[in-house]
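Reading the structure
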Amino acid sequence: AVGFEWAITFFAEDVWQERCEELRLYKEANGDCRVLQRYKENKKLGRWVTVMRRYYKEQGKKQNPVWKKRFAQLEAVGFEWEGRCAVSEDSSVWQENSWQDRLN
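Rules of the game
Note on numbering: residues in each chain are counted from 1, in written sequence order. At least 70 in pLDDT is required for a residue's local features to be given in this predicted model, at least 80 for side-chain atom pairs to be given and counted, and no such filter applies to totals for whole chains, interfaces and linings, which use all residues. Side-chain numbers here rest on the full set of heavy atoms in the structure, without hydrogens or water. Where helices are involved, their axes are fitted lines through C-alpha atoms of the stretch in contact, as for all axes, and angles between N-to-C directions lie from 0 to 180°. Each helix is a run of DSSP H or I of at least 4 residues and each strand a run of E of at least 2, with the numbering of both proceeding from the N terminus. Between 65 and 115 degrees an angle is taken as roughly perpendicular, under 35 as roughly parallel, over 145 as roughly antiparallel, and anywhere else as oblique. In this scheme, a crossing is called left-handed if the near helix is turned counterclockwise away from the far one by less than a right angle; it is called right-handed if the turn is clockwise. The contact criterion used is simple: two residues touch if any of their non-hydrogen atoms lie within 4.5 Å. Residues with no salt bridge and a relative accessible area higher than 30% make up the patches, which join like charges within 9 Å and nonpolar side chains (Val, Leu, Ile, Met, Phe, Trp, Tyr) within 5 Å. Only the protein chains shown count as cover for residues, and all accessible areas are computed by the Shrake-Rupley method using a 1.4 Å probe. The working definition used for a salt bridge is a side-chain nitrogen of Lys or Arg within 4 Å of a carboxyl oxygen of Asp or Glu. Within this scheme the basic residues Lys and Arg register as positive and the acidic residues Asp and Glu register as negative, but His and the chain ends are omitted. Each charge is placed at NZ for Lys, CZ for Arg, CG for Asp and CD for Glu.

1. Quick look at the packing of helix 2 (residues 43-59) against helix 3 (residues 65-77)
Where helix 2 meets helix 3, the axes come as close as 12 Å, and the angle between the chain directions of the two elements is 130°. Put simply, helix 2 runs oblique to helix 3. Both helix 2 and helix 3 take part in a crossing whose hand is left-handed. Across from Trp-48, Met-52, Tyr-55, Tyr-56 and Gln-59 in helix 2, the residues of helix 3 making contact are Trp-67, Phe-71, Leu-74 and Glu-75.

Shown next as structure tokens:
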């Protein structure tokens, strides 16, 4: 071995727990988990939330026990899988995928 470490920090357990706590605090302050992709106060959280939604769509049907536990942890906080957050504060605040919500 040459001492090279593969750093997939985005999914490392310590980073996961840190982002979950940041998401919990965001929800406590804002009432939802709709973090902007380019959230100015915490850019890492914004990117992480966006990746989690994408990863859920890719991995959600698989039976990986680690990800099942992580998805359940996000759902316990109130994470919304189907929606998508705006890229920035200058764009629309929140867009639901449901046509019913758009028509009302």
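2. Things to note about a positive patch on the surface
Together, Lys-40, Lys-43, Lys-44 and Arg-47 line one region of the surface with positive charge. Here Lys-44 is to be found in helix 2.

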